[in-house]
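Summary of the model geometry
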Amino acid sequence: MDKKDWELVKAIHQEGSAIKAAEKLFLSQPAVSYRIKKIEEEMGVPLFIKSNRGIVFTSAGERLLSFANEMLSQYDEVLEKVRKQDGVVRGTIHMGAPPHFATMYLPSLFREFSNLHPETTLRLYSGVSSDLMNQLERREILMCVVRGHHPWNEGKLNIFEETIQIVSSKPIELEELEYMPYIGYRTDPQLQGQIDGWWRENFSAPPNIVIHTYNSSSCIPFIREGLGFTLLPSISIPPEEHFYTQTIANIKGEAYVRPTRLLYYNRVENFDVYNVFIEFFKRSLFVTANIASSSP
């Protein structure tokens, strides 16, 4: 196997389809099918299973994927060391971030970083924190910003903490919530677990869900129109909206908080581009912390 094969294995896993992998790598579909066949012949075991939902990896395929991600990471490290010039930081940062953080904070942060280091690029992967953690553990990305408490034994950097708020268009009493229309949304399992745990502590019946949206930002127009309330992390509440908010707390009176952290493999500090970016990120934390604390 060579670098192109590792990239193909990674692309098939990311896209879940040989056709989409071919498009991503600018290859023809017959070329991809041929490579898949040759890789399986070389390994001597089935690696991929075709289904109605696309291509699924066997357990052997998952092990090969882990190896492919590791080899691509090592290739990038070798490439950087060979091309390294004194005083010049260059390379691509493979990073994941949740949609809200990716749109609110990363554009301005990376613009400033790229102004300082113009030979750097960012390859951003966006998704909910649990999906990003899976990508990180498979080494598809080497660092990511995640929200919530996710176990991680390597490099980590605390960015800020946010509270969870009851959000509505007008003041409401806590005991009224059980009977009021609730606007649900798809979110990370950890945040949903915190919300569900708080609800069970305070109410005997489930919330009266009348609307269920795809993500937290989709709730805002419905709240604005007075169609219900929801529970949101403080960072997700637009500061320009004049909503009624109330911080939720457990039975001990302690506010529910949700941390946002940068997680990364320790080995990325051997890459100039990652090492310099992490140091830049540390210096910029006061900016994001101030923005986060200004949320309702």
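Since we're looking at a predicted model, the values are computed, not measured.

Turning to the overall build of the protein chain, a few remarks are in order. Regarding its fold elements, the protein chain presents 10 helices and 11 strands. With the principal axes as the frame, the protein chain shows a C-alpha extent of 65 × 50 × 35 Å. In the protein chain, which comprises 296 residues, the share counted as buried stands at 46%. Summed over its atoms, the accessible surface of the protein chain is roughly 15,500 Å², and 52% of this surface lies on carbon and sulfur atoms. One way to put it: in the protein chain the 31 positive side-chain charges average out to a point 6 Å from where the 36 negative ones average out.

Once that is clear, we can look at helix 3 (residues 29-43). The end-to-end C-alpha distance of helix 3, which contains 15 residues, comes to 21 Å, matching closely the 21 Å that a straight helix rising 1.5 Å per residue would cover. Along helix 3, the residues classified as buried are V32, I36 and I39. Viewed end-on, helix 3 has its buried residues packed into an arc of 65°, placing them on one side of the element. For helix 3, the exposed residues lying more than 90 degrees away from the buried face are P30, Y34 and K37. A positive backbone phi angle near 80° is found at G44, which sits one or two residues after helix 3.

One number sums up the size of the second largest pocket: a volume of about 430 Å³. Lining of the second largest pocket is provided by 20 residues; of these, P99, V128, R186, N215 and S216 occupy positions nearest its centre. Elements supplying a minimum of two residues to the lining of the second largest pocket: helix 5 (99-104) and helix 7 (129-137).

The next point concerns the nonpolar core. I93, M95, F101, M143, L262 and F281 are the most contacted members of the largest nonpolar core, which totals 38 residues. Looking at which element gives the most residues to this core, the answer is helix 10 (residues 272-293), with six residues. Among the nonpolar cores identified, the runner-up in size contains 25 residues, and I172, L191, W198 and F203 belong to it.

This part takes up the packing of aromatic side chains. Enumeration according to the criterion identifies 17 aromatic pairs in this entry. Summarising the aromatic geometry, the rings of F271 and Y274 are spaced 5.6 Å apart at their centres and angled 85° between planes, so their arrangement reads as edge-to-face. On the numbers, 5.7 Å between centres and 55° between planes, the contact of F277 with F281 is tilted. Remark: F281 and F277 occur in helix 10; sequence separation between them is four residues, near one turn of the helix. Residue classification places F277 among the buried positions, given a relative accessible area of 1%. Taking the relative accessible area as the measure of exposure, F281 reaches 3% and is therefore buried. Pairwise contacts between aromatic rings join F101, Y105, F110, F113, F160, F277, F280 and F281 into one cluster. A cation over a ring is seen here: R139 above Y265, with NZ or CZ 4.2 Å from the ring centre.

In this structure, F26 is a non-glycine residue whose phi angle is positive, near 55°. When you line up the elements, F26 lands in the loop between helix 2 (18-25) and helix 3. The phi dihedral of R139 falls on the positive side, at around 65°, and the residue is not glycine. Relative to the helices and strands, R139 is located in the loop between helix 7 and strand 5 (143-147).

What follows covers the packing of helix 1 (residues 3-15) against helix 3. Put simply, helix 1 and helix 3 touch, their axes get as near as 11 Å, and they point 105° apart. For the element pair helix 1 / helix 3, the angle class is roughly perpendicular. For the pair formed by helix 1 and helix 3, the contact residues are K4, D5, L8, V9 and I12 on the first element and V32, R35, I36 and I39 on the second. In the contact of helix 1 with helix 3, the residues fall into six nonpolar, no polar and three charged.

Between helix 2 and helix 3, whose axes approach to 9 Å, the crossing angle comes to 110°. Between helix 2 and helix 3, the interaxial angle falls into the category roughly perpendicular. The interaxial crossing formed by helix 2 with helix 3 has right-handed handedness. Contacts from A18, I19 and A22 in helix 2 reach Q29, V32 and I36 in helix 3.

Moving on, we come to the pattern of salt bridges. Two side chains that carry opposite charge are able to pair once their charged atoms sit near each other. Per the counting criterion, the structure on display carries 11 salt bridges. Note that E119 and R90 form a salt bridge whose closest N and O atoms lie 2.6 Å from each other. Of the two residues, E119 is situated in strand 4 (residues 119-126) and R90 in strand 3 (residues 90-97); the sequence distance between them amounts to 29 residues. Residue classification places E119 among the partly exposed residues on the basis of a relative accessible area of 44%. Residue R224 is joined to E241 by a salt bridge in which the shortest nitrogen-to-oxygen separation is 2.6 Å.

So, about the side chain of S236. As for its placement among the helices and strands, S236 is situated in the loop between strand 9 (230-233) and strand 10 (244-247). The buried category is assigned to S236, whose relative accessible area is 8%. For S236, the residues in contact, after removing those within four places along its chain, are H100, R147, S216 and I220.

About the cut-offs
- All chains use their own residue numbering, which begins from 1 and follows the written sequence.
- Where local features are concerned, this predicted model is filtered to residues with pLDDT of at least 70; where side-chain atom pairs are given and counted, the filter is 80 or more; whole-chain, interface and lining totals use all residues.
- To get the side-chain values, take all heavy atoms of the structure and skip hydrogens and water.
- Secondary structure elements are taken from DSSP: a helix is a run of H or I of four residues or more, a strand is a run of E of two residues or more, and numbering for both begins at the N terminus.
- Between buried and exposed lies partly exposed: a residue is buried under 20% and exposed over 50% of the maximum accessible area for its type, with that area taken using a 1.4 Å probe on protein chains only.
- The method behind every accessible area is Shrake-Rupley, applied with a 1.4 Å probe, and residues are considered shielded solely by the protein chains displayed.
- The convention is simple: Lys and Arg are positive, Asp and Glu are negative, and His and the chain ends are not counted.
- A charged residue contributes its charge at one atom only: NZ of Lys, CZ of Arg, CG of Asp or CD of Glu.
- To estimate the expected span of a helix, count its residues, drop one, and scale the result by 1.5 Å.
- When we speak of the arc, we mean the arc of directions from the helix axis to the C-beta atoms.
- Lining residues are those with an atom within 4 Å of a point, where the points come from a 1 Å grid over the protein atoms alone and group into cavities, where a 1.4 Å probe fits but cannot get out, or pockets, open sets with protein on both sides within 12 Å along at least five of seven lines.
- Grid points are joined across faces, edges and corners, and a volume is the space filled by probe spheres set on the points.
- Buried Ala, Val, Leu, Ile, Met, Phe, Trp, Tyr and Cys residues that are joined via side-chain atoms within 4.5 Å together make up what is termed a nonpolar core.
- Two rings belonging to Phe, Tyr or Trp (six-membered ring only in the last case) form a pair when the distance between their centres is within 6.5 Å. Interplanar angles under 30 degrees mark stacking, angles over 60 mark edge-to-face geometry, and anything in between is tilted.
- In this analysis the charged atom, NZ for Lys or CZ for Arg, is taken to sit over a ring once it is within 6 Å of the ring centre and within 35 degrees of the ring normal.
- Angles here are taken between N-to-C directions and fall from 0 to 180 degrees, while the axes themselves are lines fitted to C-alpha atoms, restricted in helices to the stretch in contact.
- Oblique is the label for any angle not under 35 degrees, not over 145, and not in the 65 to 115 range, which are roughly parallel, roughly antiparallel and roughly perpendicular in turn.
- In what follows, a contact means two residues having at least one pair of non-hydrogen atoms within 4.5 Å.
- When residues are sorted by character, Ala, Val, Leu, Ile, Met, Phe, Trp, Tyr, Cys and Pro go into the nonpolar class, Asp, Glu, Lys and Arg into the charged class, and all the rest, Gly among them, into the polar class.
- The hand of a helix crossing depends on one turn: near helix anticlockwise from the far one by less than a right angle means left-handed, and clockwise means right-handed.
- Whenever Lys or Arg places a side-chain nitrogen within 4 Å of a carboxyl oxygen from Asp or Glu, that contact is recorded as a salt bridge.

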